[in-house]
Amino acid sequence: NYNEAYDALEDKGLLPKETVARIREKTYKSTKALWRTGLRPCPEYCPLEAPMDECKCTCGADIWERLDDPDVLQQYIGATLFGVGTEDLDALSYDQKKEVIVTLCDQVTVIGDGLESASPADPIFWPIHPTVERLFVWKMLNGGLDEYEWAEDNIIPAGMDHTCYLHGPNDRMPWKLMMDTGSKRVQKTYSNKEMFSATNPIGDFKMPYVYDNFEWPHCIDEGFDFNRI
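This structure is a prediction, so every number in the text was calculated from the model and none was measured.

Draft legend 1. Spotlight on the state of the cysteines. The tally for this structure, following the rule as stated, stands at 3 disulfides. Through a disulfide, cysteine 42 is tied to cysteine 57; the S-S separation comes to 1.9 Å. Where cysteine 42 bonds to cysteine 57 through sulfur, the torsion about that S-S bond is close to 95°, and the disulfide is right-handed. With cysteine 42 in the loop between α3 (27-36) and α4 (63-66) and cysteine 57 in the loop between α3 and α4, this residue pair connects regions lying 15 residues apart in the sequence. According to the relative accessible area criterion, cysteine 42 is partly exposed, its value standing at 29%. Residue cysteine 57 is classed as partly exposed on the basis of its relative accessible area of 23%.

Okay, structure coming up:
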């Protein structure tokens, strides 16, 4: 399962604990990258009674043999590790590198519907996004971000050989929004960079609403007080 696959990297002495922890954090990215590039296809349909081990994305039974090709190995490394643990990986033999990839291919990660483009169909999508936006507004009012540089347009996600539109700062969202332009409200499409500015309370704020408070009592109950961070 998810934990066993990652624990195996450490237990087998392939990678140190710190590197394994960082790779584990990239799971949500590697899951998408492996599928997008066709390196780990997923079944088109599974009956409800099918156990997870029989209904999962897989790199294929011939993965070990295919990894004999250095180019194929590099494709899998790029789509699973995203540059994490490069020095640790370089210290391994070729077969050990293959074992790392095969181990990661075997892990079963259930990401959830919130990761992909159909997520708005899930009701929980709607309270999550304003919650994140409220955190963003609080962050900007309390010192802002450490980095404001945008990645260049025509971004090529790790493990892919083509661009992924809507990730760049000047990519425009497909729907029109009504925002305050000062003299009147105009319905138009906005780029990611324009949306960042429009929702930034210390920038060119254009949202037709404000948050009445920045209090998260449930977080304080769990020992996390944002105002003390």
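Draft legend 2. Seen up close, the side chain of lysine 97. Tracing the backbone through its elements, the reader meets lysine 97 in helix α7 (residues 94-106). In contact with lysine 97, not counting residues within four places along its chain, are Leu73, Leu89, Asp90 and Leu92.

Draft legend 3. Spatial organisation of the packing of aromatic side chains. Under the counting rule described, the total for this entry stands at 9 aromatic pairs. A connected cluster of aromatic rings, assembled from ring pairs, spans Trp138, Tyr209, Tyr211, Phe214, Trp216 and Phe226. In this structure, lysine 188 is placed above the aromatic ring of tyrosine 190, and the distance from its NZ or CZ to the ring centre is 4.8 Å.

Draft legend 4. Quick peek at the packing of helix α5 (residues 70-81) against α7. Two elements in contact, α5 and α7, have axes separated by 10 Å at closest approach and are oriented at 50°. Judged by the angle between their axes, α5 and α7 are oblique. Considering the relative orientation of α5 and α7, their crossing is left-handed. Here Pro70, Leu73, Tyr76, Ile77, Thr80 and Leu81 of α5 come into contact with α7, specifically with Tyr94, Lys97, Lys98, Ile101, Leu104 and Cys105. Looking at the contact of α5 with α7 residue by residue, the classes come out as 9 nonpolar, 1 polar and 2 charged.

Draft legend 5. Molecular detail of the environment of glutamate 44. Counting through the fold element by element, glutamate 44 comes out in the loop between α3 and α4. The exposed category is assigned to glutamate 44, whose relative accessible area is 85%. Separated by 11 residues in sequence, glutamate 44 and cysteine 55 place their C-alpha atoms 9.6 Å apart.

Draft legend 6. Region of interest: the nonpolar core. By size, the foremost hydrophobic cluster in this structure holds 27 residues, and its most contacted members are Leu9, Leu15, Leu67, Tyr76 and Val100. Listing elements by their share of this core, those giving two or more residues are α1 (2-11), α2 (17-25), α3, α5 and α7. Counting residues per element, this core draws most heavily on α5, at 6 residues. The residues touching valine 100, leaving out its near neighbours within four places in the chain, are Leu9, Leu14, Leu15, Leu89 and Leu92. Among the nonpolar cores identified, the runner-up in size contains 6 residues, and Tyr190, Met195, Ala198 and Met207 belong to it.

Draft legend 7. Region of interest: the pattern of salt bridges. In this structure the tally under the stated criterion is 6 salt bridges. Aspartate 7 is the partner of arginine 24 in a salt bridge, and the nearest nitrogen-oxygen pair spans 3.1 Å. On the criterion of sequence distance, the pair formed by arginine 24 in helix α2 and aspartate 7 in helix α1 is long-range, its members being 17 residues apart. In this structure aspartate 7 comes out as partly exposed when scored by relative accessible area, which is 32%. A salt bridge links lysine 98 to aspartate 68, with the shortest nitrogen-to-oxygen separation between them at 2.5 Å.

Draft legend 8. Fine view of α3. Along α3, the residues that are buried comprise Thr27, Ser30, Thr31, Ala33 and Leu34. Glycine 38 sits one or two residues past α3 and shows a positive phi near 75°.

Draft legend 9. Structural detail: unusual backbone geometry. Positioned with a positive phi, phenylalanine 82 is a non-glycine residue whose angle comes to about 50°. Position of phenylalanine 82 among the secondary structure elements: in the loop between α5 and α6 (86-90).

Draft legend 10. Layout of the packing of α3 against α5. Orientation of α3 relative to α5, taken along the N-to-C sense of each, is 145°, at an axis distance of 7 Å. Note on element contacts: α5 touches α3 through Tyr76, Ala79 and Thr80, opposite Ser30, Ala33 and Leu34. Classifying every residue of the contact of α3 with α5 gives 4 nonpolar, 2 polar and no charged.

Each value, and the rule that gives it
- For every chain, the first residue of the written sequence is number 1, and numbering continues from 1 onward in sequence order.
- It should be noted that, the model being predicted, local features are given only for residues of pLDDT at least 70 and side-chain atom pairs only at 80 or more, the latter also being counted only at that level, while totals for whole chains, interfaces and linings use all residues.
- Values reported for side chains reflect all heavy atoms of the structure, with hydrogen atoms and water molecules removed beforehand.
- The term disulfide is used for any two cysteine sulfur atoms that are within 2.5 Å.
- Helix numbers and strand numbers start at the N terminus; a helix is a DSSP run of H or I with at least 4 residues, a strand a run of E with at least 2.
- Accessibility here uses a 1.4 Å probe with only protein chains present; expressed as a share of the type maximum, an area under 20% marks a residue as buried, one over 50% as exposed, and anything in between as partly exposed.
- Contacts between residues were defined by any pair of non-hydrogen atoms, one from each residue, lying within 4.5 Å.
- Pairs were defined over the aromatic rings of Phe, Tyr and Trp, the Trp ring being its six-membered one, requiring ring centres within 6.5 Å. Orientation was assigned from the angle between planes: stacked under 30 degrees, edge-to-face over 60, tilted for the rest.
- Charge-over-ring contacts are defined here by two conditions on Lys NZ or Arg CZ: a distance within 6 Å of the ring centre and an angle within 35 degrees of the ring normal.
- Between N-to-C directions, angles cover 0 to 180 degrees, with each direction set by a line fitted to C-alpha atoms, over the stretch in contact for helices.
- Working definition: roughly parallel below 35 degrees, roughly antiparallel above 145 degrees, roughly perpendicular at 65 to 115 degrees, and oblique for all remaining angles.
- Crossings are assigned a handedness: left-handed for a near helix turned anticlockwise from the far helix by less than a right angle, right-handed for a clockwise turn.
- When residues are sorted by character, Ala, Val, Leu, Ile, Met, Phe, Trp, Tyr, Cys and Pro go into the nonpolar class, Asp, Glu, Lys and Arg into the charged class, and all the rest, Gly among them, into the polar class.
- Buried Ala, Val, Leu, Ile, Met, Phe, Trp, Tyr and Cys residues that are joined via side-chain atoms within 4.5 Å together make up what is termed a nonpolar core.
- The term salt bridge refers to a pairing of a side-chain nitrogen on Lys or Arg with a carboxyl oxygen on Asp or Glu at a separation within 4 Å.

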